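# Residue-level structural notes
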Amino acid sequence: MKEYTIEDLKTIVRPELGQEVPLLLFRILRIIGMRQILGETSGATLYMVGKQVGNMIGATDLADFQNKIKELKVGIPEVEVVDEDHLVVKLSECITCAGFTYTGEMFCDMESGIIAGMLETIYKQKAKSTQTKSWSVGYNYCEFEVFLY
Ligand SMILES: [Zn+2]
């Protein structure tokens, strides 16, 4: 199986439809498709996918991190640096859960991984992100606790 880079994906020839896709399609693939295929391991697997993606995207500093997350429309991030190895990332308008009804479970694992992966490239340390808030558990934003180690 060939491995592709982000550069390999950048040429998009869709003169009529353009580069955008409906967010609903993303959510069908992400919340229904991937979770059903991956089953109970979907959280851990999607987190690992996100981490690799976050490493590939990378960021030079927190301003670059915030710009890229917003440009890619993953959401609108606000970063609180709690101390040298602890950050809290609040994500408004999360690509996966914004507007979601209360279900009692959180499932923004891929987004959590993307955040961790990008922060790793800034701090040159490993990062572990854990989702602590989501629309699906009654908030109107998403939040992630990130520890560097
Ligand atoms: Zn979310």
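Further up the page is the structure itself.
Quick summary incoming for the structure in this document. The model shown is predicted, which means the values in this text are computed figures rather than measured ones.

The rules we used
Residues numbered from 1 in each chain as written. Predicted model: local features only at pLDDT ≥ 70, side-chain atom pairs only at ≥ 80, totals over all residues. Helix = DSSP H or I, 4+ residues; strand = E, 2+ residues; numbered from the N terminus. Buried ≥ 20, exposed ≤ 12 C-beta atoms within 10 Å, placed from the backbone. Contact = placed C-beta atoms within 7 Å. Core = buried A, V, L, I, M, F, W, Y, C linked by C-beta atoms within 7 Å. Expected span 1.5 Å × (residues − 1).

## Considering unusual backbone geometry
One non-glycine residue with positive phi stands out, namely Glu-93, at about 55 degrees. Note on placement: Glu-93 falls in the loop between strand 2 (86-92) and helix 4 (109-123). For Lys-124, which is not a glycine, the phi torsion comes out positive at approximately 55 degrees. In this fold, Lys-124 is placed in the loop between helix 4 and strand 3 (127-133).

## Let's talk about the environment of Thr-96
Among the structural elements, Thr-96 can be located in the loop between strand 2 and helix 4. Here Thr-96 falls in the buried class, since 25 other C-beta atoms lie within 10 Å of it. Once the C-alpha coordinates of Thr-96 and Gly-58 are considered, the two residues, 38 residues apart in sequence, prove to be 21 Å apart. Ignoring sequence-local partners within four residues, the contact set of Thr-96 consists of Arg-27, Arg-30, Ile-31, Cys-108 and Glu-111.

## Digging into the nonpolar core
By size, the foremost hydrophobic cluster in this structure holds 26 residues, and its most contacted members are Val-89, Cys-94, Cys-108, Ile-115, Met-118, Leu-119 and Val-146. Those elements that place two or more of their residues in this core are helix 2 (42-57), helix 3 (62-71), strand 2, helix 4 and strand 4 (142-148). For this core, the element with the highest residue contribution is helix 4, accounting for 6 residues. Ignoring any residue separated from it by four or fewer positions in sequence, one finds Met-118 in contact with Gly-54, Ile-57, Gly-58, Ala-59 and Phe-65.

## Overview of helix 4
Given 3.6 residues per helical turn, the α-helix brings residues three or four places apart onto the same face. A rise of 1.5 Å per residue sets the reference length of helix 4, with its 15 residues, at 21 Å; its end C-alpha atoms lie 21 Å apart and thus fit the reference within 8%. The set of residues buried in helix 4 consists of Asp-109, Met-110, Glu-111, Ser-112, Gly-113, Ile-114, Ile-115, Ala-116, Gly-117, Met-118, Leu-119 and Glu-120. Among the structural elements, helix 2, helix 3, strand 2, strand 3 and strand 4 are those in contact with the buried residues of helix 4. At the exit of helix 4 stands Lys-124, carrying a positive phi of roughly 55 degrees.

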